[in-house]
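What follows is the residue order along each chain.
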Amino acid sequence: MILDFKTVAKYIPLIINGIWVTLLFTFFSMIAGFVLGTLLTLIKVSGKKIPVVLANVYTSIFRGTPLLVQLFLIYYATPQVTGYSITALQAAVLTFGLNAAAYISEIMRGGIMSVDKGQREAAMSLGVPYKLMMSKIVFPQALRMILPSLVNEAIGLLKSSSLVAMIGVTDVMRGAQMIQNITYRAFEPYLLAAATYYVLVMILTLFANRLERRVRRSD
Amino acid sequence: MIKVENLYKNFGKLEVLKEINLNISKGEVVSIIGPSGSGKSTLLRCLNLLETPSKGKIFIKDEEITKPNIDIMKIRQNVGMVFQHFNLFPHMTVIDNMTFAPVRVKKMKYEDAYEKSMKLLEQVGLKEKENVFPGKLSGGQKQRVAIARALAMEPEIMLFDEPTSALDPEMIKEVLMVIQDLAQTGITMALVTHEMGFARNVCDRICFLDGGYIIEDTIPEKFFNNPKSDRAKEFLDKVL
């Protein structure tokens, strides 16, 4: 028998407990990424020279280096430099948030650029100031357009969240690793982990489709 | 009401407007016509600084809007604009489109803005579309809402940038009727149009623009029956 789920069965709670961590982690990283990404976007579309360059450098660094390297830099290297140590979970949320912000800011910038120029002109001709125009006219329309991309980003984040097992966060992946260590079986726990991620992604996709339909109702 | 002095505008190497001088008095309805690419829209868009003039001065109600540090947002509240492609906000209902700026910018009370907007909607014949999203309206209806939206700010000046050019032929009339009614209310109007019949019958003055200059500036009767310049004759031969 190649597959032996019996031996593994009693350790399955390790994976199940990990689901909660994985979800919570993805959620907070996404929120952090969204907030930070929005700020970055505002800088990028502001047209102010030096801030724009800085924002672009930021994006370029976080998109140009591997996530795992960033994670190790923040978790292992930061305490060495600052003397202040953070928990694995904090480091992971921080890294993933900073990383997601870079990607999300590019998605949003594209979204904002794709809002018809006439929308801004109409707002301007009514005397609507820049901030109000961005928040009530341009941004809501951009958000609708980039929603599918944001969902993709969230799905990507959920899947790469398995990397945090590398620094000891007890997520789904880490649960599977622990089962392997206990039972000396690899196939079953990782298969279970894969299935778990798949189900989570499917749920997220379902949820996103609903959200998208709701947002698009006015079209 | 509107005064343009030696206006010059270029986009890079392309000189669109050269030496434009124009005076529009209170209550006047002026049509800007000319061949495509002559700078009509650019001239109109300079009047509320959607385009920044390269040189020259523009005055709105004796206030120079081309000097630095002018609060253009304040000026724009008094200068309504209607666009070729309507530019309604697609994520807002008709009534929200109309009340947004009066409430958020002019700080009108919502009830007052609502009442005003409903009155305007009735005037343009779209009272029943109050809670409809723009996507559900025809082109002509969209443009009528856009006109009503601009009027909801109670501007003293209205600018129309080819308001019927994007419409199907059967919808042009309903929009022109609305503009014509508006012209009779004594509001100051400048409009860029290709509707020669409309310009002739409704406007007080015609400005014929070609190659970046105002070549003729006269009453419609004279312009259409007896144009002075060859270029205006040529243009009229083509369009009439």
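That block above? That's the structure.
Values in this document were obtained by computation on a predicted structure and should not be read as measured data.

S.K.: Before we go on, may I ask you to explain unusual backbone geometry in this structure?
M.R.: Note on backbone geometry: most residues besides glycine have negative phi, and most peptide bonds are trans. Residues and elements named next belong to chain B. Within the chain, Phe86 stands out as a residue other than glycine whose phi angle is a positive 65 degrees. Relative to the helices and strands, Phe86 resides in the loop between β6 (79-82) and α3 (94-104). Positive phi outside glycine occurs at Glu162, with the angle close to 45 degrees. Judged by its relative accessible area of 12%, Glu162 is buried.

S.K.: Can you walk me through the state of the cysteines in this structure?
M.R.: Two cysteines joined by a covalent bond between their sulfur atoms form a disulfide. All names here are of chain B. For the structure shown, the criterion picks out 0 disulfides over all chains. Left unpaired, Cys46 is separated from the closest cysteine sulfur, that of Cys207, by 14 Å. In this structure Cys46 comes out as buried when scored by relative accessible area, which is 0%. With no disulfide of its own, Cys203 has Cys207 as its nearest cysteine by sulfur position, at a separation of 9.9 Å.

S.K.: Teacher, can you tell me more about the sheet that holds strand β1 (residues 2-11) of chain B here?
M.R.: Hydrogen bonds along the backbone pair up the strands of a sheet, which may run parallel or antiparallel. Residue and element names in this part refer to chain B. Spatial strand order, β2-β1-β4-β5: 4 strands in an open sheet with antiparallel pairing. Single-partner strands in this sheet number two, and they are β2 (14-24) and β5 (63-64). Pairing analysis gives 2 bridges linking strand β4 (residues 55-60) to β5, with the strands arranged antiparallel. Within the sheet, the bridge partner assigned to Phe59 lies in β5 and is Glu64.

S.K.: Help me understand the interface of chain A and chain B, please; the structure alone is not making it clear to me.
M.R.: Many analyses report the size of an interface as the accessible area lost when the parts associate. Taken together, the contact pairs 20 residues of chain A with 24 residues of chain B. Interface area, chain A with chain B, both sides summed: about 1900 Å², of which 65% is carbon and sulfur. The interface formed by chain A and chain B includes 1 salt bridge. For Glu121 of chain A, the salt bridge identified is with Arg45 of chain B, shortest N-O distance 2.7 Å. Where chain A packs against chain B, one counts 4 residue pairs in polar contact (both at pLDDT 80 or more).

S.K.: Explain the side chain of Glu153 of chain A here, please?
M.R.: Residue and element names in this part refer to chain A. Take Glu153: it is sitting in helix α7 (residues 130-160). Despite being buried, Glu153 has no salt bridge partner; Arg63 is the closest side chain of opposite charge, sitting 8.6 Å away. Those residues in contact with Glu153 that sit more than four places away from it in its chain are Met30, Ala100, Tyr103, Ile104 and Ile107.

S.K.: Mind showing me how you'd approach a nonpolar patch on the surface here?
M.R.: Taken together, the side chains of Trp20, Leu24, Phe27, Phe28, Ile31, Val35, Leu36, Leu39 and Leu42 of chain A make up a nonpolar region of the molecular surface, amounting to roughly 860 Å² of accessible area. Inspection of the secondary structure assignment puts Val35 of chain A in helix α2 (residues 12-46).

S.K.: Honestly, helix α4 (residues 67-82) of chain A in this entry has me stumped. Any pointers?
M.R.: Every α-helix winds through 3.6 residues per turn, so residues three or four apart in the chain are directed the same way. All names here are of chain A. Here α4 is 16 residues long and its end C-alpha atoms lie 21 Å apart, about the 22 Å a rise of 1.5 Å per residue gives. At Tyr76, α4 is deflected by roughly 35 degrees, the largest bend along its length, and proline Pro79 occurs up to four residues later in sequence. Regarding α4, the residues found buried are Leu67, Gln70, Leu71, Ile74 and Tyr75. Structurally, α4 contributes buried residues whose contacts are with α3 (49-64), α5 (88-114) and α7. Immediately beyond the C-terminal end of α4, within one or two residues, lies Gly83, with a positive phi of roughly 80 degrees.

S.K.: I'm lost on the sheet that holds strand β9 (residues 205-210) of chain B in this one. Help?
M.R.: Residues and elements named next belong to chain B. Taken together, 6 strands build an open sheet; the order of strands is β6-β7-β8-β3-β9-β10 and the sheet is mixed. Of all strands in the sheet, those with a lone pairing partner are β6 and β10 (213-218), marking the two edges. Across the sheet, the mean angle from the axis of one strand to that of its neighbour is 15 degrees, orientation sign disregarded. One ladder, built from 4 bridges, connects β6 with strand β7 (residues 157-161); its direction is parallel. In the sheet register, Met81 faces β7, and the bridge partner there is Leu159. Of the strands in this sheet, β6 and β7 touch helix α5 (residues 139-151), which is tilted by about 170 degrees from β6.

S.K.: In this structure, what is going on with the side chain of Asp161 of chain B? I would like to understand it.
M.R.: Residues and elements named next belong to chain B. Assignment of secondary structure puts Asp161 in strand β7. One buried charge, Asp161, has no salt-bridge partner; the nearest side chain with opposite charge is Arg45, at 4.8 Å. If near-sequence neighbours (up to four positions away) are discounted, Asp161 is found in contact with Ser41, Leu44, Arg45, Met81, Val82, Phe83, Gln84 and Val192.

Rules and cut-offs
- Residues numbered from 1 in each chain as written.
- Chains lettered and ligands numbered in written order.
- Predicted model: local features only at pLDDT ≥ 70, side-chain atom pairs only at ≥ 80, totals over all residues.
- Heavy atoms only, no water.
- Helix = DSSP H or I, 4+ residues; strand = E, 2+ residues; numbered from the N terminus.
- Buried < 20%, exposed > 50% of the residue type's maximum accessible area, 1.4 Å probe, protein only.
- Disulfide = S-S within 2.5 Å.
- Pairing = 2+ DSSP bridges.
- Contact = heavy atoms within 4.5 Å.
- Buried area = accessible area lost by both parts, 1.4 Å probe.
- Salt bridge = Lys/Arg side-chain N within 4 Å of Asp/Glu carboxyl O.
- Polar contact = N/O pair within 3.5 Å; in protein donor to acceptor, adjacent residues only side chain to side chain.
- Lys, Arg positive; Asp, Glu negative; His and termini not counted.
- Patch = residues over 30% accessible without salt bridge, like charges linked within 9 Å, V, L, I, M, F, W, Y side chains within 5 Å.
- Areas by Shrake-Rupley, 256 points an atom, 1.4 Å probe, with all protein chains shown as cover.
- Expected span 1.5 Å × (residues − 1).
- Bend = angle between axes of the 7 residues up to and from the residue.
- Axes fitted to C-alpha atoms, helices over the stretch in contact; angles between N-to-C directions.

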